[in-house]
Amino acid sequence: DVQLQASGGGSVQTGGSLRLSCAVSRFTSEDYAIGWFRQAPGKEREAVSCILSSDGSTYYADSVKGRFTISSDNAKNTVYLQMNSLKPEDTAVYYCAATERVVAGIFMLLEGVYDYWGHGTLVTVSS
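In this text the structure is predicted, and so the values were computed from the model without any measurement.

What counts and what doesn't
- Residues numbered from 1 in each chain as written.
- Predicted model: local features only at pLDDT ≥ 70, side-chain atom pairs only at ≥ 80, totals over all residues.
- Heavy atoms only, no water.
- Pairing = 2+ DSSP bridges.
- Helix = DSSP H or I, 4+ residues; strand = E, 2+ residues; numbered from the N terminus.
- Axes fitted to C-alpha atoms, helices over the stretch in contact; angles between N-to-C directions.
- Salt bridge = Lys/Arg side-chain N within 4 Å of Asp/Glu carboxyl O.
- Buried < 20%, exposed > 50% of the residue type's maximum accessible area, 1.4 Å probe, protein only.
- Phe/Tyr/Trp six-rings, centres within 6.5 Å; stacked < 30°, edge-to-face > 60°.
- Lys NZ or Arg CZ within 6 Å of the ring centre and 35° of its normal.
- Core = buried A, V, L, I, M, F, W, Y, C linked by side-chain atoms within 4.5 Å.
- Patch = residues over 30% accessible without salt bridge, like charges linked within 9 Å, V, L, I, M, F, W, Y side chains within 5 Å.
- Areas by Shrake-Rupley, 256 points an atom, 1.4 Å probe, with all protein chains shown as cover.

S.K.: Give a description of the sheet that holds strand 7 (residues 68-73) that names residues and reports values.
M.R.: In space, the 4 strands of this open sheet follow the order 1-3-8-7, with antiparallel pairing throughout. In this open sheet, the two edge strands, each paired with only one partner strand, are strand 1 (4-7) and strand 7. Looking at each pair of strands side by side, their axes are set apart by 15° on average, direction ignored. Of the strand pairs in this sheet, strand 7 and strand 8 (residues 78-83) are connected by 6 bridges, and their pairing is antiparallel. Bridge assignment links phenylalanine 68 to a residue of strand 8, and that residue is methionine 83.

In structure tokens, the structure reads:
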């Protein structure tokens, strides 16, 4: 199975930055996607961003566009989520997930597309 490990969470003040990391085991297929999701207390889990291995294309939820950036370092088998201008509403447990079922980009932010999930890392943003 694909193994994922998220890290880098912490506590910051409004306007601060954090960079989350997701270490991923080697995929059998050359085509795969890594997604970041988050779940705030009492809320449903929601998509944040994803990146496709095929061409490096990225997708973002409207709530984080312009503030978050997803990137990958293939040599380190790691995907990052750079989070800037953090807001209290960004407070959540952040999860990274993987899938080898790459479909049309518009569907890659759907939670059901992802088959492998790592444990989350907590991000707390205080006002």
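Now that the structure is up, let's keep going.
S.K.: So what's going on with the pattern of salt bridges? Residues and values would help.
M.R.: According to the stated counting rule, one finds 6 salt bridges in the structure shown. With its nearest N and O atoms 2.8 Å apart, the salt bridge here joins glutamate 46 to arginine 38. Judged by its relative accessible area of 36%, glutamate 46 is partly exposed. Salt-bridge contacts for lysine 65 lead to aspartate 62; the nearest nitrogen and oxygen are separated by 3.2 Å. The exposed category is assigned to aspartate 62, whose relative accessible area is 65%.

S.K.: Can you lay out the packing of aromatic side chains for me, pointing to particular residues and giving the numbers?
M.R.: Each aromatic ring pair is described using two quantities: the centre-to-centre distance and the angle formed by the ring planes. Inspection of the entire model under this criterion finds 3 aromatic pairs. Here the aromatic cluster, defined as three or more aromatic residues joined through ring pairs, consists of Phe37, Tyr114 and Trp117. Directly above the ring of tryptophan 117 sits arginine 45, whose terminal nitrogen or CZ lies 4.1 Å from the centroid.

S.K.: How would you explain the nonpolar core if you had to name every residue and give the values?
M.R.: Counting residues in hydrophobic clusters, the biggest one holds 28 residues, and the most contacted among them are Ile34, Trp36, Leu81, Met83 and Tyr94. Of all elements in the fold, only strand 1, strand 3 (18-24), strand 4 (33-39), strand 5 (46-52), strand 7, strand 8, strand 9 (92-99) and strand 11 (121-126) reach the threshold of two or more residues within this core. Within the second largest apolar cluster, 9 residues are counted, among which are Phe37, Cys50, Leu52 and Met108.

S.K.: Outline a nonpolar patch on the surface, supporting the account with residue identities and numerical values.
M.R.: Residues Val103, Ile106, Phe107 and Leu110 make up a contiguous nonpolar surface patch of about 400 Å² in total accessible area. Relative to the assigned elements, leucine 110 resides in the loop between strand 9 and strand 10 (116-117). Residue leucine 110 is classed as partly exposed on the basis of its relative accessible area of 44%.

S.K.: An account of unusual backbone geometry is requested, with residue identities and associated values reported.
M.R.: Despite not being glycine, asparagine 77 has its phi angle at roughly 50°, a positive value. Look at asparagine 77 and you get partly exposed, because its relative accessible area is 36%. Phi at serine 85 takes a positive value of approximately 50°, unusual for a residue other than glycine. Judged by relative accessible area, which is 41%, serine 85 ranks as partly exposed.

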